[in-house]
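The residues making up each chain are set out below.
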Amino acid sequence: MAEKRGRNLGKIKGFSIQFLPYSEIRGLGSDERIRKILGIILANNILILQGRLKADEETRLIGDTMAMIGHVKDFKGIELAVISSSNGGNRAVNKMKEELVNIITGGDVSAITIIGPATIVKEMKRNPKKIELLLNK
Amino acid sequence: MALKIFKNFIKRMFSNLFKNKKEIKLGFYGPPNAGKTSLANRICKDFTGEELGSVSKVPHETRNVQFKEKVEIDYKGKKLTFKLVDTPGIATKIDYEDFLKYNMKKGDAKQRAKEATEGVVESIKWLDDMDLVVVVLDAAENPYNQVNITIIGNLVARKIPILIVANKIDMKKADMKKIEAAFPEYEVVGISAKYGKNLEEFYESVFKLSKKVK
């Protein structure tokens, strides 16, 4: 059954994966960051972002996404996952390291954020060390 | 000097008196269908005799923030007054077609989806108003859902005390250890809101955490 599902990948109408280095959003304000990300998602891309958004930006992204459902044709929302190097190991030491890196780089670049439109990404299954993307047929 | 000490004593006594009388805004946050309303209902029924909202197997049953004021919880002789705030489940996607699986008519499903999206926005707006938040998770589901992490991240950024509740521990698939492993920095209490299991530990944790409310 799983093999059969795998072969059906050809039925997906089309999408691309776009990588966005943190340097592309470092200088942007929260509004511009979210606009940029949503622009990429609405063009049917799966976004791999170096780093992660701030906590309040993540909720704003969710809020803005909700506001678009029903107003943008066929848009059903997003799937979102963040995988961070701080998962596992000595958390206190990792946190200190992270904060130091954040000061130097001007943001959290140690994480990877994956965002995809729900029309393409059915589910993002994650555990501390792995993210699985299940795509819609 | 003696007068000054006496004045300070009176002042402290009154401020403590008012501090204790203060209504603590206790929010219930989490993903849809985790049991936020079931837990809020259980507390309300135990201490006021009334329920707060309706529950359903269909996700996004709570689509508006609903609250109950002046809920006085009496635990082991101590009393605290809460404003219970039950919020709609936070999600990153809402598809009306998911509701059709529950034999809902297309029009009703679309309306429910519309209200659910508005509910998520409302939930997020209320985050700023909370004194204390209970993050309700389904113990049978994968805790590494980004919504859970985002909610907790926001509460930490706002310095709001958090209690994580792993609900539905009565279910076979429930895995408390997995929830605890996902959030090792927080206290996790396993309960069954439906059957009223382990609520004593829940109240104890809420009272303990209430001391951190500013």
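The sections below set out a description of the structure shown in this document. Since this is a predicted model, take the numbers as computed values, not measurements.

1. What about the overall build of chain B?
Piece 1. Along its length, chain B carries seven helices and six strands.
Piece 2. Of the regular secondary structure in chain B, the N- to C-terminal order runs α-β-α-β-β-α-α-β-α-β-α-β-α.
Piece 3. Seen through its C-alpha atoms, chain B measures out along the principal axes to roughly 75 × 35 × 35 Å.
Piece 4. In chain B, buried positions account for 43% of the 214 residues.

2. Digging into the interface of chain B and chain A
How big an interface is tends to be reported as the loss of accessible area on association of its parts.
Piece 1. Taken together, the 18 residues of chain B in the interface contact 23 residues of chain A.
Piece 2. Going through the elements one at a time, helix 4 (106–126) and helix 5 (146–157) of chain B are the ones with two or more residues in the side of chain B that touches chain A.
Piece 3. Among the elements that take part in the side of chain B that touches chain A, helix 5 of chain B stands out by supplying six residues, more than any other.
Piece 4. For the side of chain B that touches chain A, the residue count by class is eight nonpolar, seven polar and three charged.

3. Notes on helix 4 of chain B
Piece 1. Between the first and last C-alpha of helix 4 of chain B there are 30 Å, a value that for 21 residues agrees with the 30 Å anticipated at 1.5 Å per step.
Piece 2. Residues of helix 4 of chain B that are buried include every one of Ala109, Arg112, Ala113, Ala116, Thr117, Gly119, Val120, Ser123 and Ile124 of chain B, and no others. Looking straight down helix 4 of chain B, one finds that the buried residues subtend no more than 160° of arc, so they occupy a single side.
Piece 3. Among the structural elements, helix 4 (55–68) of chain A together with strand 1 (23–29) and helix 3 (96–100) of chain B are those in contact with the buried residues of helix 4 of chain B.

4. Brief notes about the environment of Glu187 of chain B
Residue and element names in this part refer to chain B.
Piece 1. Within the secondary structure, Glu187 is located in the loop between helix 6 (176–182) and strand 6 (188–190).
Piece 2. Taking the C-alpha atoms as reference points, Glu187 and Leu52, 135 residues apart in sequence, are found 26 Å from one another.
Piece 3. In contact with Glu187, not counting residues within four places along its chain, are Leu163, Ile164 and Ser205.

5. Topic: the sheet that holds strand 4 (residues 132–138) of chain B
Sheet strands pair via backbone hydrogen bonds, and the direction of the pair is either parallel or antiparallel.
Residues and elements named next belong to chain B.
Piece 1. Strand order in the open sheet formed by six strands is 2-3-1-4-5-6, with mixed pairing between adjacent strands. Lying at the two open borders of the sheet, with one neighbouring strand each, are strand 2 (66–75) and strand 6. The average angle at which neighbouring strand axes cross in this sheet is 30°, direction not considered.
Piece 2. Strand direction decides the pairing type here: strand 2 and strand 3 (residues 78–86), joined by eight bridges, are antiparallel. Bridge assignment links Asp74 to a residue of strand 3, and that residue is Lys79.
Piece 3. Contacting strand 1, strand 4 and strand 5 (162–167), helix 5 crosses the sheet at an angle of about 170° to strand 4.

6. Let's talk about the nonpolar core
Piece 1. Ranked by internal contacts, the top residues of the largest apolar core, which has 75 residues, are Leu84, Val135, Leu137, Ile164 and Val165 of chain B.
Piece 2. Excluding residues that lie within four positions of it along the chain, Leu84 of chain B makes contacts with Leu26, Ala40, Ile43, Cys44, Leu52, Phe67, Lys68 and Val71 of chain B.

7. Things to note about unusual backbone geometry
Piece 1. Residue Asn44 of chain A is not a glycine yet carries a positive backbone phi of 60°.
Piece 2. We classify Asn44 of chain A as partly exposed; it has 15 C-beta atoms within 10 Å.
Piece 3. With a phi close to 70°, Lys168 of chain B is a non-glycine residue in the positive phi region.
Piece 4. Tracing the chain through its elements places Lys168 of chain B in the loop between strand 5 and helix 6.
Piece 5. A count of 24 C-beta atoms within 10 Å places Lys168 of chain B in the buried class.

8. Considerations on the pairing of strand 5 (residues 121–127) of chain A
Residue and element names in this part refer to chain A.
Piece 1. Relative to strand 6 (residues 130–135), strand 5 runs antiparallel, the two being bridged by six bridges. Looking at the pairing, Asn127 lines up with Lys130 of strand 6.
Piece 2. The turn linking strand 5 back onto strand 6 is made up of two residues.

Conventions we followed
Residues numbered from 1 in each chain as written. Chains lettered and ligands numbered in written order. Predicted model: local features only at pLDDT ≥ 70, side-chain atom pairs only at ≥ 80, totals over all residues. Helix = DSSP H or I, 4+ residues; strand = E, 2+ residues; numbered from the N terminus. Buried ≥ 20, exposed ≤ 12 C-beta atoms within 10 Å, placed from the backbone. Contact = placed C-beta atoms within 7 Å. Nonpolar A, V, L, I, M, F, W, Y, C, P; charged D, E, K, R; others polar. Expected span 1.5 Å × (residues − 1). Arc of directions from axis to C-beta. Pairing = 2+ DSSP bridges. Axes fitted to C-alpha atoms, helices over the stretch in contact; angles between N-to-C directions. Core = buried A, V, L, I, M, F, W, Y, C linked by C-beta atoms within 7 Å.

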